[in-house]
Amino acid sequence: MVTDVASDRSRAAAPARRTHRSVELLRLIWRDRVGAIGLVIVVLMGAAAALAPLIAPYDPTAMSNQRLAPPGGDFLLGADEAGRDLLSRALYGARTSLAVSLVVVTCAGAVGVLLGLLAGFYRGFLDAVITPATDIMFAFPTLLLALAVVAARGPGTENLILALILVFIPSFARIVRGTAMSVRREPYVESGQAVGLSNTRLIFKYILPNSVAPIAVQFTTSLATAILVEASLGYLGLGVQPPQPSWGSMLSSGKAFMELSIWPSVVPGVCIMIAVLGFNLLGDTLRDVLDPRLRGRSSR
């Protein structure tokens, strides 16, 4: 009876501890000037993307006769070569880029973490297969590998997502493998093995919790890279296909009219720059905050 009551209290206290840790993490990020800037950028970018149908002044695919109109008047940021509102297209392009990047990094992270845990904990045959495979993928530049996969399968959102997932799996697998190999040699893991804990329980009780910090940092910085790669493939015509707006395709269509108006290229270019900057700043601060060796540097 006493054991059951203690167990119930422990389970009830767990959400409170997780909430406290999340609040403490946000507080540490906010105290860092660089982290605060990155957090504000990411939050505002996410809110703009989520609320695009409500705040966009026009339908992003609606054309008008005000082609290449400068900023001001009916179009706050100007119009593109088809008379479409650049602000509306930029907002909906944010939805596309952020949604694709979030799906890609989440799926790649799940698969990469699993592969890294298997390779680092079990070693042997699994490590001999998984590690060389990820090393081979690391030999190719990220954009080149994604370009090869999309070119082989054809343009389109589904093929773009699949290509990017394959590209980002090795990063997560390598990080988690290193952590698993290190933690596996700790005395408390060996003690758990000695008392008969299953490998699954050892992985989820000891190995995975110790991998959360590097996974979080990798997740954030991978989002920045995914946005950049998605925009690059869209610029080449291999990403999200028209009429769905994306920052890369907006850049591609605007480059032919640079002599007449720079705004169709400047607007999506600035959006890409701000989004990548925000995630990189946030990832850099997360690394400092979550690493005890660097935590003392985190109030810059």
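Above: the structure in question.
These notes cover the structure that comes with them. What you are looking at is a predicted structure, and each value in this text was computed from that prediction instead of being measured. (Residues numbered from 1 in each chain as written. Predicted model: local features only at pLDDT ≥ 70, side-chain atom pairs only at ≥ 80, totals over all residues. Heavy atoms only, no water.)

### Some words on helix α4 (residues 86–122)
Our working definition: Comment: elements are numbered from the N terminus, with helices defined as DSSP H or I runs of at least four residues and strands as E runs of at least two. For a helix, the expected span equals 1.5 Å multiplied by the residue count minus one.
With 37 residues, α4 extends 52 Å from end C-alpha to end C-alpha; this agrees with the ideal 54 Å at 1.5 Å per step. A positive backbone phi angle near 55 degrees is found at R123, which sits one or two residues after α4.

### Re the packing of aromatic side chains
Each pair of aromatic rings is reported with the distance of its centres and the angle of its planes. Keep this limit in mind: A pair of Phe, Tyr and Trp rings is counted when the ring centres sit within 6.5 Å of each other, with Trp represented by its six-membered ring. The angle between the planes then sorts it: under 30 degrees is stacked, over 60 is edge-to-face, the rest tilted. A 1.4 Å probe rolled over the protein chains alone gives each residue an accessible area, and that area as a share of the maximum for its type sets the label: buried under 20%, exposed over 50%, partly exposed in between.
Under the criterion given, the structure shown has 2 aromatic pairs. Measuring from centroid to centroid gives 5.3 Å for Y58 and F75, while their planes differ by 55 degrees, and the two rings are tilted. Placement of the pair is Y58 in the loop between α3 (52–55) and α4 and F75 in the loop between α3 and α4, with a sequence separation of 17 residues. Since its relative accessible area comes to 6%, F75 is described here as buried. Both rings, one in F121 and one in Y122, keep their centres 5.2 Å apart while their planes meet at 85 degrees; by these two values the pair is edge-to-face. Taking the relative accessible area as the measure of exposure, F121 reaches 2% and is therefore buried.

### What about the nonpolar core?
Under the convention used in this document: Each nonpolar core is a collection of buried residues, namely Ala, Val, Leu, Ile, Met, Phe, Trp, Tyr and Cys, held together in the definition by side-chain atoms within 4.5 Å.
By size, the foremost hydrophobic cluster in this structure holds 58 residues, and its most contacted members are V104, L164, F168, I227, L233, W247 and F279. Looking at this core, the elements that each hand over two or more residues are α2 (33–50), α4, α6 (142–153), α7 (157–184), α9 (199–235), α10 (247–254) and α11 (263–290). With 13 residues, the top contributor of residues to this core is α9. Counting residues in hydrophobic clusters, the runner-up holds 5 residues, among them A52, A56, L87 and L91.

### Here we look at unusual backbone geometry
Positioned with a positive phi, L68 is a non-glycine residue whose angle comes to about 55 degrees. With a phi angle near 55 degrees, R123 is a residue other than glycine that sits in the positive phi range. Mapped onto the secondary structure, R123 falls in the loop between α4 and α5 (124–138). Classification of R123 as partly exposed rests on a relative accessible area of 33%.

Honestly, it's all geometry; don't read function into it.
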